[in-house]
Amino acid sequence: MKIPALFVLLLAGLGLLSACSKPAATSAATSAAPAAVKIGYLVKQPEEPWFQYEWKGADAAAKKYGHELVKLGVQDGEKVMTAIDSLVAGGAQGFVICTPDVRLGPAIAARAKLTGLKLITVDDRFVSADGSFMTDIPYLGMSASKIGAAQGSALYAEFQKRAWPVAETAVCAVTFEELDTARERTDGSIAALKSAGFPADRIFKAPQKTTDVPGSFDAAGILLTQHPGVKHWLVLGMNDTAVLGAVRATEGRGFAAENVIGIGINGTDCIDELRKAKPTGFHGSMLVSAPSEGFNTSEMLYHWIKDGTAPALDTRTTGILITRENFEAVLRKEGIIE
Ligand code: GLA
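A brief structural summary. (Residues numbered from 1 in each chain as written. Predicted model: local features only at pLDDT ≥ 70, side-chain atom pairs only at ≥ 80, totals over all residues. Heavy atoms only, no water.)

Some details on the pattern of salt bridges
Evaluation of the coordinates by the stated rule reveals 18 salt bridges. Residue Glu168 pairs with Lys231 through a salt bridge whose shortest N-O separation is 3.7 Å. Of this pair, Glu168 sits in the loop between helix H6 (144-162) and strand S6 (169-175) while Lys231 sits in the loop between helix H8 (213-226) and strand S8 (232-237), and the two are 63 residues apart along the sequence. Under the relative-accessibility criterion, Lys231 is labelled partly exposed at 47%. When the shortest N-O distance is used, the salt bridge between Arg248 and Glu273 registers 2.6 Å. Residue Arg248 is located in helix H9 (residues 240-252), and its partner Glu273 is located in helix H10 (residues 271-275); the two are separated by 25 residues in the primary sequence. Residue classification places Arg248 among the partly exposed positions, given a relative accessible area of 23%. Look at Glu273 and you get buried, because its relative accessible area is 5%. (Salt bridge = Lys/Arg side-chain N within 4 Å of Asp/Glu carboxyl O. Helix = DSSP H or I, 4+ residues; strand = E, 2+ residues; numbered from the N terminus. Buried < 20%, exposed > 50% of the residue type's maximum accessible area, 1.4 Å probe, protein only.)

Structure, rendered in structure tokens:
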């Protein structure tokens, strides 16, 4: 049957033609084992060192396997959809993503399926409309509760070392509870502090509106104003950025570095801070290997495309504590610094 030209134009305008024709073209290419593998690596906050180090690992995988890598910043849902379309147009067969919003999961997964792209999620796990994790999409990320617990235990150990009176000390927990991995980390940290014996009524949450330094600076600033009697602060948060903003807020309110113990998570976004000639209240971080996450997700995707080996659905990474004392050596060993 001949389709009238005007109808063809209409379908194309609605995006229906490309939507219908692409999966067929892509799957045909896949079954013929494409010689040139091309993958995308999409991240929500390309300005954050964590994601730049993930990209560094993805670059290393591309070098090892000889595939093409397209790195894109996707700060919102519209950018994600545009990125997927440009990957399809450019002949990519799959992508790794840390989504700007986990609730976009069902839409991203549907788009990937429609366009025939293989999809692996990293860091922030997709959630369905009912709030449950989308366990059918391969995911690689932190053992969030465990790493949070290690952060809490490290804070407690340092608090004991300084022998601060409990009655003059409190915890500033910078939270971002709408993101599951963030909530699991801060919950794990708070639980560890409580089980070590820190009084629950001296642990205060400061919800950040945005996951950047200004967001945590503002959140902690409000909390510090509400508790003027506290002389020593323990600071925790879902990542280095959360803790850095809060440490800056304590400085702004006149706290000396020796009266603050901040421990972050990531270990990648605090390198300049730990390198400062004079110590700040930022004591250390739970380092997780961002380059390994970038390398491993890319490798999994490469094998999936090239050999049809489906990746594990849930892979978790662990962390270790870095402080001013050991960070240079550990980060060098991890390949994070030269
Ligand atoms: C989230 C955070 C990042 C980093 C990753 C690690 O995406 O926003 O800073 O901690 O988790 O999984």
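A few points about the site of the ligand
Around the ligand, the surrounding shell consists of Lys44, Glu48, Trp50, Phe51, Cys98, Asp123, Asp124, Met142, Arg185, Met238, Asn239 and Asn266. Take Lys44: an N or O atom from its side chain is 2.9 Å from an oxygen atom of the ligand. Between Asn266 and the ligand, the recorded distance is 2.6 Å, taken from a side-chain N or O atom to an oxygen atom. Here the ligand loses 100% of its free accessible area of 310 Å² to cover by the protein chains. (Near = heavy atom within 4 Å. Polar contact = N/O pair within 3.5 Å; in protein donor to acceptor, adjacent residues only side chain to side chain. Areas by Shrake-Rupley, 256 points an atom, 1.4 Å probe, with all protein chains shown as cover.)

Description of the packing of H8 against H9
The interhelical angle for the contact between H8 and H9, taken along N-to-C directions, is 50 degrees, at an axis separation of 7 Å. Looking at the two axes, H8 sits oblique to H9. Where H8 crosses over H9, the handedness of that crossing is right-handed. Residues Val213, Ser216, Phe217, Ala220, Gly221 and Leu224 of H8 pack against Thr241, Ala242, Leu244, Gly245, Ala246, Arg248, Ala249 and Thr250 of H9. Residues belonging to the contact of H8 with H9 are distributed by class as follows: eight nonpolar, five polar and one charged. (Axes fitted to C-alpha atoms, helices over the stretch in contact; angles between N-to-C directions. Parallel < 35°, antiparallel > 145°, perpendicular 65-115°, else oblique. Left-handed = near helix turned anticlockwise from the far one by under 90°. Contact = heavy atoms within 4.5 Å. Nonpolar A, V, L, I, M, F, W, Y, C, P; charged D, E, K, R; others polar.)

Examining the environment of Val37
Positionally, Val37 belongs in the loop between helix H2 (16-31) and strand S1 (38-43). Along the primary structure Val37 and His67 are separated by 30 residues, whereas in three dimensions their C-alpha atoms are 5.0 Å apart.

Quick word on the nonpolar core
Counting residues in hydrophobic clusters, the biggest one holds 59 residues, and the most contacted among them are Tyr41, Cys172, Trp233, Ile322 and Leu331. Element by element, the count of residues in this core is highest for helix H3 (residues 49-65), at seven residues. Apart from residues no more than four positions distant in its own chain, Leu331 is found in contact with Gly267, Ile271, Leu287, Ile322, Ile336 and Ile337. If you look at the next biggest cluster of nonpolar residues, it comprises 18 residues, including Val80, Val88, Ile108 and Leu119. (Core = buried A, V, L, I, M, F, W, Y, C linked by side-chain atoms within 4.5 Å.)

Quick look at helix H11 (residues 290-307)
When the terminal C-alpha atoms of H11 are compared, their 25 Å separation across 18 residues agrees well with the 26 Å that a helix rising 1.5 Å per residue should span. Regarding H11, the residues found buried are Ala290, Pro291, Glu293, Gly294, Thr297, Ser298, Glu299, Met300, Leu301, Tyr302, Trp304 and Ile305. Looking at the buried side of H11, the elements it contacts are S1, H3, strand S3 (94-98), strand S4 (118-122), strand S5 (139-142) and strand S11 (314-317). Positive backbone phi, approximately 75 degrees, marks Gly308, located one or two places after H11. (Expected span 1.5 Å × (residues − 1).)

Thoughts on the packing of aromatic side chains
Any pair of aromatic rings gets described here by the distance separating the centres and the angle formed by the planes. Summed over the entire model, instances satisfying the criterion amount to three aromatic pairs. For the pair Tyr65 and Tyr302, a centre-to-centre distance of 4.7 Å together with 25 degrees between the ring planes defines the contact as stacked. On the criterion of sequence distance, the pair formed by Tyr65 in helix H3 and Tyr302 in helix H11 is long-range, its members being 237 residues apart. Centre to centre, the rings of Tyr156 and Phe159 are 5.4 Å apart; their planes meet at 55 degrees, and the pair counts as tilted. Here Phe159 and Tyr156 lie together in helix H6, a separation of three residues that amounts to about one turn. Using a relative accessible area of 14% as the deciding quantity, one classes Tyr156 as buried. Through successive ring pairs, a cluster of aromatic residues spans Tyr156, Phe159 and Phe198. Above the face of the Trp304 ring, Lys118 is positioned so that its terminal group lies 5.8 Å from the ring centre. Over the face of the ring belonging to Phe133 we find Arg125, whose NZ or CZ atom lies 5.2 Å from the ring centre. (Phe/Tyr/Trp six-rings, centres within 6.5 Å; stacked < 30°, edge-to-face > 60°. Lys NZ or Arg CZ within 6 Å of the ring centre and 35° of its normal.)

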